2 protein chains.
Amino acid sequence: MLRGLMMDRPLLVSSVIDYAAEVYPDVQIVSQTVEGGLHRYGYAQARDRIGKLANALVALGIKPGDRVATLAWNGYRHFELYYAIAGIGAVCHTINPRLFPEQITYIANHAEDTALFFDLTFLPLVEKLKPTLKSIKTYVLMTDREHMPADGQLNGLLCYEGLLAEMDAAFTWPEFDENAACALCYTSGTTGEPKGVLYSNRSMMLHTFFLIATRPDLFAHNRTILPVVPLFHANAWSLPYITPLTGCTLILPGARLDGPTLYDLMENEGAEAGWGVPTVWLGLLDEFKKRGRKPRKLAQILSGGSAVPQAMIDTFTRDYDIEVTHGWGMTEMSPVGTLTLFRPEERAKPPLERAALSARQGRRMFGVDLKVIDEKGNRAPADGKTSGELFVRGSTIVSGYFKNAEASAKQIDSEGWFGTGDVAKITPDRWLLIVDRTKDLVKSGGEWISSIDVENAAMACKGVANCAVIGVPHPKWDERPLLVAVKAPGAEPTKTEILDVLASKIAKWQMPDDVVFVDALPMTATGKISKKDLRAKFADYKLPT
Amino acid sequence: MLRGLMMDRPLLVSSVIDYAAEVYPDVQIVSQTVEGGLHRYGYAQARDRIGKLANALVALGIKPGDRVATLAWNGYRHFELYYAIAGIGAVCHTINPRLFPEQITYIANHAEDTALFFDLTFLPLVEKLKPTLKSIKTYVLMTDREHMPADGQLNGLLCYEGLLAEMDAAFTWPEFDENAACALCYTSGTTGEPKGVLYSNRSMMLHTFFLIATRPDLFAHNRTILPVVPLFHANAWSLPYITPLTGCTLILPGARLDGPTLYDLMENEGAEAGWGVPTVWLGLLDEFKKRGRKPRKLAQILSGGSAVPQAMIDTFTRDYDIEVTHGWGMTEMSPVGTLTLFRPEERAKPPLERAALSARQGRRMFGVDLKVIDEKGNRAPADGKTSGELFVRGSTIVSGYFKNAEASAKQIDSEGWFGTGDVAKITPDRWLLIVDRTKDLVKSGGEWISSIDVENAAMACKGVANCAVIGVPHPKWDERPLLVAVKAPGAEPTKTEILDVLASKIAKWQMPDDVVFVDALPMTATGKISKKDLRAKFADYKLPT
């Protein structure tokens, strides 16, 4: 090989905050705090505090490679931990506080976390869990001295602001191999124990670059962006890296994510873009309707985590002049795989025609390769018809799970691609269509029914606030679809009305055999509808014959 | 080290054209051809032809690591060579046809080029040089069969389109180490022999990412971009990579870069942005004035290669509503180091106030570290006052020159930084100000006079079309500045008028001791004013006493 003669410098996430501090010192991070009120500072001040935190971590004995856990909302201290932990060469292990306590214990022990930083909210939880946490030696409450518990049950509990107060802001980042791990996130795992995805400095930086390069318009001119997607969930889709790098203002909403609170924060802080899962946007849309308008500057929503119903995209587009970008990905993919990406001729179309394309899962992000493998094990053509399991490959995709060779082997194929567990097809013009999760497909007499297709149709029915379709056992067809629906406030849709609407939108063999109404749908820890719980609940449901 | 568990995939430039072919198949590359007329095709068709070319290169016996030279203008075949050569693991060596023939010979022999692809324009040159070119075995004329010479003096001369006609479009790119060289460019070298900069796939991809991440707005929404900067000059500032990646339309102007031709091309093809050196923009501005307007869609100019006069930026801004982005860099830096980059509070200013900032060399691109070393060898503070030699560091910067250990050693300091040969200072708010090239400074009695400062002031004088300031020997002060000026067509500025204007803009000790008028300034092969030639011409000039 003839080697290029360029400097051999590692890609390290610590370089991002240094760049922001220098080039965008006064661009703000605004945080809705757990203690109450808003906290504001610029990237230069953030860098100073990150330097102090890095000094504190070293003083606490945290070593390169150590896993440091967080249980925290979207706030500035959590942001600081991202950079300080990764900057000293340790691994920021973000734990989803919405998991069952036993899962948190499992994850913290499996990761062998040595320290835990947590928000005030989680003090009771941590007190309860402490006896089960085997490796954590250091507990730090992410608050100031005024809010420290007077009689806590945690011996030696440290105060975050107390630690920083004693430290120097100067901290020169060490240089190390760009393949060194910088973050760890466990998938909530609908089957089996949670599995750890260990990101490297390189993969995190490349994911950041790939996303900006694929959709530079999303980050042009120092946008004001509000991630509802949690910092504890798949690196908040890279926003903690992209916003400082591109000088975007970051609005961190803290713990309160209900429609009215989110609306007020967006309105007051002039959020131009919001990133989060569809259920959050449904709540926000309700608030739009109540107030008769959107937050004044909101013009873009990025929605990912689960399929976005066409009806929702249309409402945002038509009634509020908000462009919805639909993303698809996985924790295992850093997380973005595909996102709405228009060709120039598509962008020239009227907004509602464009919106019809946005219900698709998007086109591949640069750096992510896609292949669909049909039932026979062959690579399916991009014909928009042939579906199969979606496999992905790229620098931002897991090669295996942390300390779990067995799970790794299951999901990596012989060519080194990662099996997503999604059933998908790709159109000739390269839109990805996720048909369903493999396990959510309704297998009806040898035919597959996409639960997503039926749900999308049902969401367009007046009076349906939310819904899910699951397969329930059927004596003749193996499984048949059951529609589980939540009524909108004040609405009283009937089963017949809904089925009438569906009959005009989907094929007869896809029609649900029954409709049941519930007050609320069970949710997973990452804010998705838990079909696993629904299937358990309706396992013995008797469909009408 | 705890290694992240992400796929180990190389960054290769070949992935860019595959992405564009898939995601932006119909986005156009429009070329003004050497044969006459315009050529148009989309990225998908470009990829097909690049596949054929790659097959042809392999059939010609080109091996990974081989240097393949080009002598060509900005056209689609040159673009194809960029990707096909790099894609098979070889090195695309772009030679500047404006160099002296002896320099071309030196460069081709030093690089040990094995093949040469050249435009019709250069057939006489290549015929003349052939006896001196030691390593080139294959000569390919970049044209179709109709334009092949009937009685060429080059035995075995191959026809580009003839080669492609016989080949299959299918070509799967090999995978190899991302540090493998992909391109080679020699600096024109004002002293000594030209020196080779050998770029790697990694450095080229990172430069592309760094530039997009630093200024995403420049590439948002599939802009139409016209690089006047040649493909043979420092990778045309990464545009051959950025435009396909971001789905931008690429307008390649070919050989004719005069004001009227460029204007027509921009007008007819709807160019929204143009990238090139200041002298090109001076020519284009003349054309604006003649026609009384700008090309209809032109809204952005990126100017680099030498300092951009404030007067020019102001004219573009005030009279034509065109935003000028000023870039600074070097062939050794891939090439971008800094570029105009506004903080939000700066962008909020009126256009002419912003324009005043754009005369500075910009803020650092992400991924490029800057340090200024003062006369005593200490790191200068970013105080906007202390100047010294500028050193740079980053993944996109040379670690040494190709087969030239001596030159490498001279320009890399003990900490591994590259010495740029520029004298610079950095303001507290992180704007880079290039004071001068070290060798262009006028050393007057122990004080340094920046030739750039005086030139900028002189360019604002009515009737001055272009100018340069050089130091000429002076018995008392060692050197004193001489202003060499070109009059604008029809204007008759006098020495006294010019000195009067200057006296209001610069300090007395900076004032030129004399003004001489010339018909034209000598230019280097890369379109910069050759001060070396000017100094030689005026070496014996007697300043008035």
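Residues numbered from 1 in each chain as written. Chains lettered and ligands numbered in written order. Predicted model: local features only at pLDDT ≥ 70, side-chain atom pairs only at ≥ 80, totals over all residues. Heavy atoms only, no water.

I keep staring at the relation of the copies chain B and chain A and nothing clicks. Help me out?
One chain copy maps onto the other through a rotation about an axis and a shift parallel to that axis. In the superposition of chain B on chain A (RMSD 0.0 Å, axial shift 0.0 Å), the rotation amounts to 180°. In short, the pair behaves as if placed about a two-fold rotation axis. When C-alpha distances to the rotation axis are compared across chain B, the minimum falls at B:Pro216, with a value of 2.4 Å. Same-surface contact between copies: 100% of interface residues of chain B are shared with the interface of chain A. (Least-squares fit on C-alpha atoms with pLDDT ≥ 70 in both. Contact = heavy atoms within 4.5 Å.)

Just to check I follow, could you spell out the pattern of salt bridges for this structure?
If charged atoms from side chains of opposite charge come close, those side chains can pair. Under the defined criterion, the tally for this structure stands at 61 salt bridges over all chains. A salt bridge links A:Arg215 to A:Asp217, with the nearest nitrogen and oxygen atoms 2.8 Å apart. Per residue, the accessibility class of A:Arg215 equals that of A:Asp217, and both read buried. A salt bridge links A:Asp264 to A:Arg291; the shortest N-O distance between them is 2.7 Å. Of this pair, A:Asp264 sits in helix α9 (residues 259-269) while A:Arg291 sits in helix α10 (residues 278-291), and the two are 27 residues apart along the sequence. Counted as one network, the salt bridges with shared partners bring together A:Glu22, B:Arg364, B:Asp369, B:Arg393 and B:Arg430. (Salt bridge = Lys/Arg side-chain N within 4 Å of Asp/Glu carboxyl O. Buried < 20%, exposed > 50% of the residue type's maximum accessible area, 1.4 Å probe, protein only. Helix = DSSP H or I, 4+ residues; strand = E, 2+ residues; numbered from the N terminus.)

Help me understand the domain arrangement of chain A, please; the structure alone is not making it clear to me.
How big an interface is tends to be expressed through the accessible area that disappears when the partners come together. Residue and element names in this part refer to chain A. Partitioning chain A into domains gives domain 1 (1-26 + 40-201 + 230-244), domain 2 (369-437) and domain 3 (441-537). With centres defined by C-alpha atoms, the gap from domain 1 to domain 2 works out at 31 Å. Taken together, the contacts link 10 residues of domain 1 with seven residues of domain 2. Here domain 1 and domain 2 share an interface that buries about 750 Å² over both sides, 61% of which is from carbon and sulfur atoms. (Domains from an automatic or database assignment. Buried area = accessible area lost by both parts, 1.4 Å probe.)

How do you make sense of the nonpolar core when you look at a structure like this?
Grouped together as the largest cluster of nonpolar side chains are 196 residues, with contacts concentrated most on A:Phe209, A:Trp275, B:Phe209 and B:Trp275. Those residues in contact with A:Phe209 that sit more than four places away from it in its chain are A:Leu11, A:Leu245, B:Leu206, B:Phe209, B:Phe210, B:Ala213 and B:Phe366. (Core = buried A, V, L, I, M, F, W, Y, C linked by side-chain atoms within 4.5 Å.)

Can you walk me through the packing of helix α1 (residues 14-23) of chain A against helix α8 (residues 239-246) of chain A in this structure?
A pair of packed helices is captured by two measures, namely the crossing angle of their axes and the spacing between those axes. All names here are of chain A. Running from amino to carboxyl end, α1 crosses α8 at an angle of 35°, the nearest separation of the two axes being 8 Å. Remark: the crossing between α1 and α8 carries left-handed chirality. Mapping the contact onto sequence places Val-16, Tyr-19 and Ala-20 in α1 and Tyr-241, Pro-244 and Leu-245 in α8. Along the lines of polarity and charge, the residues of the contact of α1 with α8 split into six nonpolar, no polar and no charged. (Axes fitted to C-alpha atoms, helices over the stretch in contact; angles between N-to-C directions. Left-handed = near helix turned anticlockwise from the far one by under 90°. Nonpolar A, V, L, I, M, F, W, Y, C, P; charged D, E, K, R; others polar.)

Can you walk me through the side chain of A:Asp113 in this structure?
All names here are of chain A. Looking at the element boundaries, Asp-113 is found in the loop between α4 (101-111) and β5 (115-118). For the buried Asp-113, no salt bridge exists, and the shortest N-O distance to an oppositely charged side chain is 5.3 Å, to Arg-67. A distance of 2.9 Å separates polar atoms of two side chains, one belonging to Asp-113 and the other to His-93. Contact partners of Asp-113, with chain neighbours within four places excluded, come to Arg-67, Ala-69, His-93, Ile-95, Ala-108, Ser-135 and Ile-136. (Lys, Arg positive; Asp, Glu negative; His and termini not counted. Polar contact = N/O pair within 3.5 Å; in protein donor to acceptor, adjacent residues only side chain to side chain.)

Sorry if this is basic, but what is going on with the pairing of strand β18 (residues 388-393) of chain B here?
Look at any regular strand and the pattern is simple: side chains alternate between the two faces of the sheet. All names here are of chain B. β18 sits mainly inside the fold: five of its six residues count as buried. Looking at chain direction, strand β17 (residues 369-373) and β18 are connected through five bridges and run antiparallel. Pairing of Ile-373 across the sheet is with Glu-389, part of β18. Here β18 pairs with strand β19 (residues 418-426) via four bridges, running antiparallel. Bridging across to β19, Gly-388 finds its partner in Ala-424. (Pairing = 2+ DSSP bridges.)

What exactly am I supposed to notice about the sheet that holds strand β20 (residues 432-437) of chain B here?
Hydrogen bonds along the backbone pair up the strands of a sheet, which may run parallel or antiparallel. Residues and elements named next belong to chain B. Spatially, four strands are ordered β17-β18-β19-β20 in an open sheet, and the strand pairing comes out antiparallel. Among the strands making up the open sheet, the edge pair consists of β17 and β20. Each strand of the sheet is rotated relative to its neighbour by a mean of 50°, with strand direction disregarded.

Mind showing me how you'd approach the packing of helix α2 (residues 43-59) of chain B against helix α3 (residues 76-87) of chain B here?
All names here are of chain B. Where α2 meets α3, the closest approach of the two axes is 9 Å, and the angle between their N-to-C directions is 60°. On the basis of their axis angle, the class for α2 and α3 is oblique. Seen along the crossing, α2 lies across α3 with a hand that is right-handed. Judged by residue contacts, Tyr-43, Ala-46, Arg-49, Ile-50, Leu-53, Ala-54 and Leu-57 of α2 engage Tyr-76, Arg-77, Phe-79, Glu-80, Leu-81, Tyr-83, Ala-84 and Ile-85 from α3. (Parallel < 35°, antiparallel > 145°, perpendicular 65-115°, else oblique.)

Please explain helix α9 (residues 259-269) of chain B as it appears in this structure.
Given 3.6 residues per helical turn, the α-helix brings residues three or four places apart onto the same face. Residues and elements named next belong to chain B. Taken across its 11 residues, α9 has eight buried, putting it largely inside the fold. Of the residues making up α9, those classed as buried are Gly-259, Thr-261, Leu-262, Tyr-263, Leu-265, Met-266, Glu-267 and Glu-269. Buried residues in α9 make contact with β1 (28-32), β2 (38-42), β10 (224-227), β11 (249-252), β12 (273-276) and α10 (278-291). Where α9 ends, the next residue or the one after it, Gly-270, has phi of about 65°, a positive value.

For this particular structure, what's the right way to read the packing of aromatic side chains?
For any pair of aromatic rings, the description consists of the separation of the ring centres together with the inter-plane angle of the planes. If you walk through the whole model with that rule in mind, you get 41 aromatic pairs over all chains. A centroid spacing of 5.2 Å and a plane angle of 35° characterise the contact between A:Trp73 and A:Phe122, whose relative ring orientation is tilted. Of this pair, A:Trp73 sits in the loop between β3 (67-71) and α3 (76-87) while A:Phe122 sits in the loop between β5 and α5 (123-129), placing them 49 residues apart in sequence. Of the residues examined, A:Phe122 reaches a relative accessible area of 6% and is grouped as buried. With a centroid separation of 6.4 Å and 50° between ring planes, the pair formed by A:Trp237 and A:Trp275 is classed as tilted. Note that A:Trp237 is positioned in the loop between β10 (224-227) and α8 and A:Trp275 in strand β12 (residues 273-276), a separation of 38 residues in sequence. Given the relative accessible area of 6%, A:Trp237 is considered buried. Among the aromatic residues, ring-to-ring pairing joins A:Tyr19, A:Phe209, A:Phe210, A:Phe366, B:Tyr19, B:Phe209, B:Phe210 and B:Phe366 into one connected group. (Phe/Tyr/Trp six-rings, centres within 6.5 Å; stacked < 30°, edge-to-face > 60°.)

Is there a simple way to explain the sheet that holds strand β13 (residues 300-303) of chain A in this structure?
Residues and elements named next belong to chain A. Strand order in the open sheet formed by nine strands is β2-β1-β11-β10-β12-β13-β14-β15-β16, and the pairing between neighbours is mixed. Each edge of the sheet is formed by a strand with only one pairing partner; in this case those strands are β2 (38-42) and β16 (363-364). Sheet topology places β10 next to strand β11 (residues 249-252); two bridges connect them, and they run parallel. Bridging across to β11, Thr-224 finds its partner in Thr-249. Lying over the sheet, helix α2 (residues 43-59) contacts β1 (28-32), β2 and β11, oriented at roughly 95° with respect to β2.

Which parts of the structure should I look at to understand the interface of chain B and chain A?
Each partner contributes residues to the interface: chain B has 78 residues there, and chain A has 78 residues. The largest share of the area that chain B buries against chain A comes from B:Met6, B:Met7 and B:Phe366, three residues that together contribute 14% of it. Where A:Arg202 meets B:Glu178, a salt bridge forms, and the shortest distance between an N and an O atom there is 2.8 Å. Across the chain B-chain A interface, the total number found is 28 residue pairs in polar contact (both at pLDDT 80 or more). Elements with a contribution of two residues or more to the side of chain B that touches chain A: α1 (14-23), β9 (195-200), α7 (201-214), α8 (239-246), α12 (344-347), β16 (363-364) and β18 of chain B. Element by element, the count of residues in the side of chain B that touches chain A is highest for α7(B), at nine residues. Taken together, the residues of the side of chain B that touches chain A sort by class into 41 nonpolar, 17 polar and 20 charged.

Would you explain the pairing of strand β3 (residues 67-71) of chain B in this entry?
All names here are of chain B. In terms of burial, β3 is largely enclosed, as five of its five residues are buried. Burial of the side chains of β3 extends over both faces: Arg-67, Ala-69 and Leu-71 are buried on one face and Val-68 and Thr-70 on the other. Relative to strand β4 (residues 91-94), β3 runs parallel, the two sharing four bridges. Residue Ala-69 lies in a different strand from β4, and its bridge partner there is His-93. You can see the chain leave β3, run along α3 and come back into β4, and the turn it takes is right-handed. (Right-handed = clockwise from strand over helix to strand, strands pointing away.)

Help me understand the environment of A:Leu60, please; the structure alone is not making it clear to me.
All names here are of chain A. Locating Leu-60 in the fold gives a position in the loop between α2 and β3. Of the residues examined, Leu-60 reaches a relative accessible area of 25% and is grouped as partly exposed. The spatial distance from the C-alpha of Leu-60 to the C-alpha of Lys-137 is 9.9 Å, given a sequence separation of 77 residues. Ignoring any residue separated from it by four or fewer positions in sequence, one finds Leu-60 in contact with Thr-138, Leu-158 and Leu-163.

Honestly, helix α16 (residues 495-503) of chain A in this entry has me stumped. Any pointers?
All names here are of chain A. Of all the residues in α16, the buried ones are Ile-498, Leu-499 and Leu-502. Angular distribution of buried residues about the axis of α16 spans 95°; they occupy a single face of the element. The exposed set on the far side of α16, more than 90 degrees from its buried face, consists of Thr-496 and Asp-500. (Arc of directions from axis to C-beta.)

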